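Examining the three-dimensional arrangement
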Amino acid sequence: MEKYIPVVVIKELSETDKILTALKNSGINCAEITFRTACAAEAIAYACKNYPDMLIGAGTVINAKQCKEALLAGAKFIVSPGLSVAVAKICNKKNIPYYPGCVTPTEIMAALELGITTVKFFPANVYGGLKAMKALAAPFPQIKFIPTGGVDRSNIDEFLAWDKIAAIGGSFFVKEALENAQ
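Described below are features of the structure shown in this document. Computed from a predicted model, the values in this text were never measured in an experiment. (Residues numbered from 1 in each chain as written. Predicted model: local features only at pLDDT ≥ 70, side-chain atom pairs only at ≥ 80, totals over all residues. Heavy atoms only, no water.)

Moving on, we get to the nonpolar core. Counting 59 residues, the largest nonpolar core has L23, I33, I44, I56, I78 and F145 as its most contacted members. Listed in part, the eight residues of the second largest apolar core include I5, C30, F77 and V79. (Core = buried A, V, L, I, M, F, W, Y, C linked by side-chain atoms within 4.5 Å. Buried < 20%, exposed > 50% of the residue type's maximum accessible area, 1.4 Å probe, protein only.)

Each α-helix turn comprises 3.6 residues. Residues three or four places apart therefore point the same way. Restricting attention to buried positions, one finds in helix α8 (residues 172–181) the residues F172, F173, V174 and A177. In this fold, the buried residues of α8 make contact with β1 (4–8), α1 (16–25), α7 (156–160) and β8 (168–170). (Helix = DSSP H or I, 4+ residues; strand = E, 2+ residues; numbered from the N terminus. Contact = heavy atoms within 4.5 Å.)

Let us now look at the packing of α1 against α8. At their nearest, the axes of α1 and α8 sit 8 Å apart, and the two run at 90° to each other. Regarding the angle of α1 to α8, the classification is roughly perpendicular. Along the contact surface, α1 presents K18, I19, A22 and L23, while α8 presents F173, V174, A177, L178 and A181. (Axes fitted to C-alpha atoms, helices over the stretch in contact; angles between N-to-C directions. Parallel < 35°, antiparallel > 145°, perpendicular 65-115°, else oblique.)

The next thing to look at is the pattern of salt bridges. In total, this model carries four salt bridges according to the counting rule given. E69 is the salt-bridge partner of K65, the closest N and O atoms lying 2.7 Å from each other. Of this pair, K65 and E69 are both found in helix α3 (residues 64–73), four residues apart, which corresponds to roughly one turn of the helix. What makes K65 exposed here is its relative accessible area of 58%. (Salt bridge = Lys/Arg side-chain N within 4 Å of Asp/Glu carboxyl O.)

Leave glycine aside and you will find that most residues have negative phi; peptide bonds, for their part, are mostly trans. Here the amide bond leading from F122 into P123 is cis, since omega sits at -15°, within 30 degrees of zero. Mapped onto the elements, P123 comes out in the loop between β6 (118–121) and α6 (129–137). The phi torsion at T60 lies on the positive side, around 55°, for a residue other than glycine. With respect to the helices and strands, T60 occurs in the loop between β3 (55–59) and α3. Look at N95: it is not a glycine, yet its phi comes out positive at around 60°. Tracing the chain through its elements places N95 in the loop between α4 (85–94) and β5 (98–99).

What follows covers the environment of Y98. Checked against the element boundaries, Y98 lands in strand β5. A sequence separation of 22 residues divides Y98 from K76, and the C-alpha atoms of the two residues are 9.4 Å apart. Among residues more than four places away in sequence, those in contact with Y98 are I78, S80, G82, L83, S84, V87, A88, C91, I116 and T118. A polar atom in the side chain of Y98 sits 3.0 Å from the side chain of S80. From its side chain, Y98 meets the backbone nitrogen of S84 in a polar contact 3.0 Å long. (Polar contact = N/O pair within 3.5 Å; in protein donor to acceptor, adjacent residues only side chain to side chain.)

So, on to α6. Considered for burial, the residues of α6 that qualify are G129, L130, A132, M133, L136 and A137. End-on, the buried residues of α6 take up no more than an arc of 160°, which puts them together on one face. Those residues of α6 that are exposed and aimed more than 90 degrees away from the buried face are K131 and A135. On its buried side, α6 packs onto α5 (105–113), β6, β7 (144–147) and α7. (Arc of directions from axis to C-beta.)

Moving on to the packing of aromatic side chains. With the rule as written, the count across this model stands at five aromatic pairs. Ring centres 6.3 Å apart and planes at 50° place the aromatic pair F77 and Y99 in the tilted group. Taken together, the residues F77 in the loop between α3 and β4 (78–79) and Y99 in strand β5 connect sequence positions 22 residues apart. With a relative accessible area of 12%, Y99 lands in the buried category. Taken together, Y4, F172 and F173 form an aromatic cluster joined through their ring pairs. K120 extends its terminal NZ or CZ atom over the ring of F122, reaching a point 4.7 Å from the ring centre. Directly above the ring of Y4 sits R153, whose terminal nitrogen or CZ lies 5.9 Å from the centroid. (Phe/Tyr/Trp six-rings, centres within 6.5 Å; stacked < 30°, edge-to-face > 60°. Lys NZ or Arg CZ within 6 Å of the ring centre and 35° of its normal.)

What follows is the structure, encoded as structure tokens:
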């Protein structure tokens with residue numbers, strides 16, 4: 001897994017090259033293309049075909065239909081804002097990593113019952129950030145976190161210093177890469 005997972009919203013397919021090239025030029029070889037737009041599946045398929053050296057996944061996947069579309073398009077991992085049992089089962093069957101949003105002990109226990117040991121912690125800034133994750137790690141030492149939401153350059157090093165952080169997710173990676181490309 002990459003340490004940085006840019007959350008990428010592609011509104012028009014024509015934006016894909018600009019965004020992914022900027023990320024690559026910034027040294028980031030991963031993209032979580034969100035299912036927030038009509039062209040998400042098409043953008044994932046395009047990215048997988050034209051950027052085979054990048055780890056392309058699907059984000060904001062909230063149901064089985066979107067998960068199947070993402071996997072058909074070639075997504076190598078699936079991320080959700082919450083935990084979907086249906087998505088977890090599809091990913092497990094296809095041996096695809098699934099990172100559901102989990103911020104409570106109950107959600108983490110549900111994830112563990114599905115065999116998931118790395119969860120998205122979203123929105124990290126709203127649910128207590130690093131302090132909350134450290135508290136949750138005490139009863140769940142096998143869990144790793146991908147904090148997203150409220151993580152930026154001002155606090156990223158603090159998150160990355162903790163061994164329970166699998167990766168950092170965020171749209172700020174895209175913004176920075178595009179700014180650096182200009």
